[in-house]
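Structural characterization, general
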Amino acid sequence: MRRNLRSVPGDLTIDRNRIGYQLRGDHFETDADCFEREVRTADELIADGRLADAAGRLQQALAHWSGPALDGLNAKELRAHAARLDELRLAAMERLATTNLRLGRHDRAIAELRALIEIEPLRENVSILLMDALADSGRSIDSLTVYRSYRDRLRAELGVEPGPVAKARERHLLQSLNTPTQVAVDNRAGVSRLAAPPAPHRQPDRAEINLDGNITHHLETAYAHIRAAFELLGAGRPGYVELPGLPPAQTEQRPAVRRTYQHHVGP
């Protein structure tokens, strides 16, 4: 190693001490140094609101990684340093996914978060971020599946339940999936019609006028049959029926008879 380092620019030396060998030098960088510098720069860019540039920096920082920190070196003195670097890597991956979510890059964020869950399956904040990313992409069922998988892992491995934030996300998802679409119904004259947005005002053409007249005629005929049926049943006439298209003078109101009608048929 000393012989190979002679050709490297800078003043690099290898020293031996009681625990092993140490590389010394003022003008060289390791992957760990480059990674931490890129992350610091990304943090500054995020603080300035330059999210796209920050995402690029975080990608460059993570490109320095090829596996667990100090993989293959099991010396006791290195474990704490390796654990610190691994935690910084996970935080950088999470920050990259969050930044892509803020940029609207949901597909990228989802892919990054799924990869992060493979590394840290019990990291709750990652599961919550993935749930949010999927829900914002219109994939509520997939989002709910992420929660259920995370909950099952917690129960199986630790015997605990997800935290309140994750549970709140699940409740919100269930409410959004189980809330029926509200439909307005108009029951006047026994006719149910789905409410529609108001149409712009315009003059009806002759065909529409004839159609309205035919509908009114049929409604009058139907009402006559209903009235006759109630008279045959001994219930009298139905109390109040509004016929669309008829002037108010032709509207019948019989409050006393209406109570009889509701008794036999219901409101």
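What counts and what doesn't
- Residues numbered from 1 in each chain as written.
- Predicted model: local features only at pLDDT ≥ 70, side-chain atom pairs only at ≥ 80, totals over all residues.
- Heavy atoms only, no water.
- Helix = DSSP H or I, 4+ residues; strand = E, 2+ residues; numbered from the N terminus.
- Expected span 1.5 Å × (residues − 1).
- Buried < 20%, exposed > 50% of the residue type's maximum accessible area, 1.4 Å probe, protein only.
- Contact = heavy atoms within 4.5 Å.
- Axes fitted to C-alpha atoms, helices over the stretch in contact; angles between N-to-C directions.
- Parallel < 35°, antiparallel > 145°, perpendicular 65-115°, else oblique.
- Nonpolar A, V, L, I, M, F, W, Y, C, P; charged D, E, K, R; others polar.
- Left-handed = near helix turned anticlockwise from the far one by under 90°.
- Phe/Tyr/Trp six-rings, centres within 6.5 Å; stacked < 30°, edge-to-face > 60°.
- Lys, Arg positive; Asp, Glu negative; His and termini not counted.
- Salt bridge = Lys/Arg side-chain N within 4 Å of Asp/Glu carboxyl O.
- Pairing = 2+ DSSP bridges.

**Quick notes on helix α6 (residues 124–136)**
Counted at 1.5 Å a residue, the expected span for α6 with its 13 residues is 18 Å, and the 18 Å between its end C-alpha atoms agrees. Among the residues of α6, V126, S127, I128, L129, L130, M131, A133 and L134 are the ones counted as buried. On its buried side, α6 packs onto α4 (76–102), α5 (106–119), α7 (140–157) and α8 (164–178).

**Notes on the packing of helix α2 (residues 31–47) against helix α3 (residues 51–62)**
Contact pair α2 / α3: the axes reach a minimum separation of 8 Å and the direction vectors enclose 170°. Between α2 and α3, the angle falls in the class roughly antiparallel. Residue-level contacts link F35, E38, V39, T41, A42, L45 and I46 of α2 to L51, D53, A54, R57, L58, Q60, A61 and L62 of α3. Broken down by class, the residue content of the contact of α2 with α3 amounts to 10 nonpolar, 2 polar and 3 charged.

**Thoughts on the packing of α7 against α8**
Packing of α7 against α8 leaves a shortest axis separation of 10 Å and a crossing angle of 145°. The two elements α7 and α8 meet at a crossing, and its hand is left-handed. On α8, the residues touching S140, I141, S143, L144, Y147, R148 and R151 of α7 are A166, K167, E170, L173, L174 and L177. For the contact of α7 with α8, the class distribution of residues is 7 nonpolar, 2 polar and 4 charged.

**Describing the packing of aromatic side chains**
What describes a pair of aromatic rings is the distance from one ring centre to the other and the angle between the planes of the rings. Under the criterion given, the structure shown has 1 aromatic pair. When the ring of F35 is compared with that of W65, the centres are 5.5 Å apart and the planes differ by 85°; the resulting orientation is edge-to-face. Taken together, the residues span a long stretch of sequence, with F35 in helix α2 and W65 in the loop between α3 and α4 at a distance of 30 residues. By relative accessible area, W65 is classed as buried at 16%.

**A look at the side chain of E112**
Residue placement: E112 occurs in helix α5. Among buried Asp, Glu, Lys and Arg side chains, E112 stands out as unpaired, with R108 the closest opposite charge at 6.4 Å. Residues contacting E112, with those up to four places away along its chain left out, are L96, A97 and N100.

**Observations concerning the pairing of strand β2 (residues 20–24)**
Across 5 bridges, strand β1 (residues 13–17) lies against β2 in antiparallel orientation. Looking across to β2, one finds that R16 is bridged to Y21. The antiparallel hairpin formed by β1 and β2 contains 2 residues in its connecting segment.

**Focus: the pattern of salt bridges**
According to the stated counting rule, one finds 11 salt bridges in the structure shown. Salt-bridge contacts for D43 lead to R95; the nearest nitrogen and oxygen are separated by 2.6 Å. Highlighted residues: D43 in helix α2 and R95 in helix α4, separated in sequence by 52 residues. Residue R95 is classed as partly exposed on the basis of its relative accessible area of 27%. Where R155 meets E161, a salt bridge forms, and the shortest distance between an N and an O atom there is 2.7 Å. On the basis of relative accessible area, E161 is assigned to the partly exposed category, the value being 38%. A single salt-bridge network, built from bridges that share partners, covers E87, E94 and R123.

By themselves these figures say nothing about function.
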